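Residue strings, one per chain:
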Amino acid sequence: MKVKLDVNQASAFRYNGNAYYSLDTVARALNRQRQDKYLEPMQPQAVIDFIQSRRILKSGKYIMRFDAGLPAKIYLYSHHCQESEKSKSKLLVTENGRRLQSIKPIKKSEP
């Protein structure tokens, strides 16, 4: 998944010491590994169950704020990572040209 991070698209990017991934990105990486071992691909729910059982990534809903337009709420998987020179100099820019200003977890409201 490091290759995806280096491309710095909305499906996999670094921001403030964390790496963030969409479910599709994680599923493709896991299924590529499974294919190399001649195993059947995992369905999306199986990928989610695998991530949660292994605790390899944190999951949560985030609000992403951009320099233009409305903020986006998105479910992402993350882990801590060190910033590289490449990621510091290249902020996330979406396919429609909006630059990421901040990303924050949405806290679950307690009943």
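Trainee: Can you explain the overall build of the protein? Please cite residues and give values.
Mentor: Tallying secondary structure elements over the protein gives 4 helices and 5 strands in all. C-alpha extents for the protein along the principal axes are approximately 45 × 40 × 25 Å. The buried share of the protein, taken over its 111 residues, is 34%. For the protein, contacts bridging at least 24 residues in sequence account for 57% of all contacts bridging at least 6. Accessible surface for the protein amounts to roughly 7,900 Å². Of this, 51% is attributable to carbon and sulfur atoms. In the protein, the 21 positive side-chain charges and the 10 negative ones have mean positions that sit 3 Å from each other.

Trainee: Go over the nonpolar core with me, naming the residues and quoting the values.
Mentor: Soluble globular proteins tend to pack their nonpolar side chains together in the buried interior. Core analysis: the largest hydrophobic core is formed by 14 residues, its most contacted members being Tyr21, Val26, Val47, Ile51, Leu57 and Tyr77. The set of elements that each furnish at least two residues to this core consists of strand 2 (18–21), helix 2 (23–36) and helix 3 (44–54). Among all residues touching Leu57, those that are not within four sequence positions of it are Tyr21, Val26, Ile51, Tyr77, Ser78 and His79. Counting residues in each nonpolar core, the second largest holds 10 residues, with Tyr20, Met64, Leu92 and Ile103 among its members.

Trainee: Hey, could you go over unusual backbone geometry for me, with residue numbers and the actual values?
Mentor: Within the chain, Tyr38 stands out as a residue other than glycine whose phi angle is a positive 60°. Tracing the chain through its elements places Tyr38 in the loop between helix 2 and helix 3. A positive phi is found at Arg55, a non-glycine position, where the angle reads about 55°. Counting through the fold element by element, Arg55 comes out in the loop between helix 3 and strand 3 (58–66).

Trainee: Provide a residue-level description of the side chain of Ser78, including the pertinent values.
Mentor: Positionally, Ser78 belongs in strand 4 (residues 72–80). Here Tyr62 takes part through its side chain, which lies 3.3 Å from a polar atom of the side chain of Ser78. If we ignore the near neighbours within four places in the chain, the residues touching Ser78 are Ala19, Tyr20, Leu57, Lys58 and Tyr62.

Trainee: Quick rundown of the sheet that holds strand 3? Include the residues and the values.
Mentor: Strand pairing in a sheet is mediated by backbone hydrogen bonds. Such pairs are either parallel or antiparallel. Pairing is antiparallel in the open sheet, where 5 strands are placed in the order 1-2-4-3-5. Looking at the sheet topology across the chains shown, the edges are occupied by strand 1 (12–15) and strand 5 (100–105). The sheet shows a mean angle of 40° between the axes of neighbouring strands, direction not considered. In this structure, strand 1 lies alongside strand 2, joined through 4 bridges in antiparallel fashion. Note on strand 2: the bridge partner recorded for Ala12 is Tyr21. Of the strands in this sheet, strand 1, strand 2 and strand 4 touch helix 2, which is tilted by about 85° from strand 2.

Conventions used here
Residues numbered from 1 in each chain as written. Predicted model: local features only at pLDDT ≥ 70, side-chain atom pairs only at ≥ 80, totals over all residues. Heavy atoms only, no water. Helix = DSSP H or I, 4+ residues; strand = E, 2+ residues; numbered from the N terminus. Buried < 20%, exposed > 50% of the residue type's maximum accessible area, 1.4 Å probe, protein only. Contact = heavy atoms within 4.5 Å. Areas by Shrake-Rupley, 256 points an atom, 1.4 Å probe, with all protein chains shown as cover. Lys, Arg positive; Asp, Glu negative; His and termini not counted. Charge placed at Lys NZ, Arg CZ, Asp CG, Glu CD. Core = buried A, V, L, I, M, F, W, Y, C linked by side-chain atoms within 4.5 Å. Polar contact = N/O pair within 3.5 Å; in protein donor to acceptor, adjacent residues only side chain to side chain. Pairing = 2+ DSSP bridges. Axes fitted to C-alpha atoms, helices over the stretch in contact; angles between N-to-C directions.

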